[in-house]
Amino acid sequence: LRSFSQWMLSENHLTEDPWNGAAIAFGRSRKLPRFLPAHDLERLLAFLKTLAGPEAWSGNAAAIQNRPHEGTTLLAIALMLATGVRVHEVVGIECRDVDVAGQTIRLVGKGRRERRVYLTNDWITRLTTAYLEARAALPPTHPYLLFNLHYAPLTTSAMRSRLAKVAEAAGLSNRVTPHMLRHN
């Protein structure tokens with residue numbers, strides 16, 4: 001419309017520019033995503049270390065096998081933090097999608113698009129390797145990496161619930177969501 005008005009002015013169809021001094025706001029203002037403050041993140045991770053046990057934290061498969069559900073929560077939260085994956089992506093990871101040697105995980109994300117994320121450090125790689133070893137010795141028969149209390153595939157709602165319970169037990173005052181972990 002501004003260009004059209006400029007043309008109308010240049011062709012002498014208008015005597016003055018109707019857009020002079022007008023401001024137009026397009027779209028809506030966007031708020032920055034919420035994130036977990038550093039002190040809350042440290043508190044959450046310290047609680048997860050206590051919950052799963054220091055041996056599981058350090059990547060001991062036997063320790064994860066002894067406390068598989070705590071190990072599942074630890075790995076899921078660690079993956080969301082380390083790689084920025086969405087909650088539905090982390091619960092959708094299949095064991096065959098994890099390439100420990102290449103330190104990558106194949107994901108199917110939004111819009112059924114495939115992508116790869118990287119295991120960003122040695123700790124997350126060791127934890128993932130130990131979890132895979134422990135999982136092989138446990139009852140799950142489905143292809144998904146993460147499992148619930150009944151060894152069935154973990155769902156997004158169950159993962160959200162686990163995160164909320166762990167955050168509350170860790171003494172965090174604000175509600176923690178999986179999406180917040182993407183932005184840390």
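Every value quoted in this text rests on a predicted model; they were computed, and no experiment measured them. (Residues numbered from 1 in each chain as written. Predicted model: local features only at pLDDT ≥ 70, side-chain atom pairs only at ≥ 80, totals over all residues. Heavy atoms only, no water.)

**Student:** Where do I start with the overall build of the protein in this structure?
**Tutor:** When helices and strands are tallied, the protein shows 9 helices and 3 strands. Walking the protein from its N terminus toward its C terminus, one meets helices and strands in the order α-α-α-α-α-α-β-β-β-α-α-α. A compact globule built from 184 residues should have a C-alpha radius of gyration of about 16 Å, whereas the protein, at 24 Å, is more than 25% larger. Judged by the C-alpha coordinates and their principal axes, the protein covers about 85 × 35 × 30 Å. Counting over 184 residues, the protein shows a buried share of 39%. (Helix = DSSP H or I, 4+ residues; strand = E, 2+ residues; numbered from the N terminus. Rg over C-alpha atoms; globule rule 2.2 N^0.38 Å. Buried < 20%, exposed > 50% of the residue type's maximum accessible area, 1.4 Å probe, protein only.)

**Student:** Explain the nonpolar core here, please?
**Tutor:** Generally speaking, a soluble globular protein has its nonpolar side chains buried in company with each other. Among the nonpolar cores identified, the biggest contains 47 residues, and Ile77, Leu79 and Met159 are the most heavily contacted of them. Broken down by element, the residue count for this core peaks at 8 residues, all from helix 5 (residues 68-83). Among residues more than four places away in sequence, those in contact with Leu79 are Gly84, Val85, Val90, Ile93, Ile105, Leu119, Ile124, Thr128 and Leu145. (Core = buried A, V, L, I, M, F, W, Y, C linked by side-chain atoms within 4.5 Å. Contact = heavy atoms within 4.5 Å.)

**Student:** Explain the environment of Thr141 here, please?
**Tutor:** With respect to the secondary-structure elements, Thr141 resides in the loop between helix 7 (122-136) and helix 8 (156-169). Put simply, Thr141 and Asn174 are 33 residues apart on the chain and 37 Å apart in space, counted from C-alpha to C-alpha.

**Student:** Explain the sheet that holds strand 2 (residues 104-108) to me, please; I cannot follow it from the model alone.
**Tutor:** Think of a sheet as strands paired side by side through backbone hydrogen bonds, with each pair either parallel or antiparallel. Within the open sheet, the 3 strands sit side by side as 1-2-3. Their pairing is antiparallel. Two strands in the sheet have a free side with no partner beyond their single neighbour: strand 1 (98-99) and strand 3 (114-118). Two elements, strand 1 and strand 2, share 2 bridges in a ladder whose sense is antiparallel. When the sheet's bridge partners are listed, Val98 is paired in strand 2 with Ile105. (Pairing = 2+ DSSP bridges.)

**Student:** I'm lost on the layout of surface pockets in this one. Help?
**Tutor:** The probe, sized like a water molecule, is rolled over the atoms to show the empty space still left. Of the volumes computed, that of the largest pocket is approximately 260 Å³. Lining of the largest pocket is provided by 13 residues; of these, His69, Thr73, Leu149, Arg162 and Lys165 occupy positions nearest its centre. Put simply, the parts of the chain that give the lining of the largest pocket at least two residues each are helix 5 and helix 8. Top element by residues in the lining of the largest pocket is helix 8. It accounts for 5 residues. Partitioning the lining of the largest pocket into residue classes produces 5 nonpolar, 5 polar and 3 charged. Considering only enclosed or pocket space, the second largest pocket measures out at about 180 Å³ in volume. Around the second largest pocket, the lining residues are His88, Glu89, Gly92, Ile93, Glu94, Arg96, Asp97, Arg106, Leu107, Val108, Arg112 and Tyr144. Counting residues per element, the ones that place at least two in the lining of the second largest pocket are helix 6 (87-91) and strand 2. (1 Å grid on protein atoms, 1.4 Å probe; cavity = no way out; pocket = protein on both sides within 12 Å on 5 of 7 lines; lining within 4 Å. Points joined across faces, edges and corners; volume = space filled by probe spheres on them. Nonpolar A, V, L, I, M, F, W, Y, C, P; charged D, E, K, R; others polar.)

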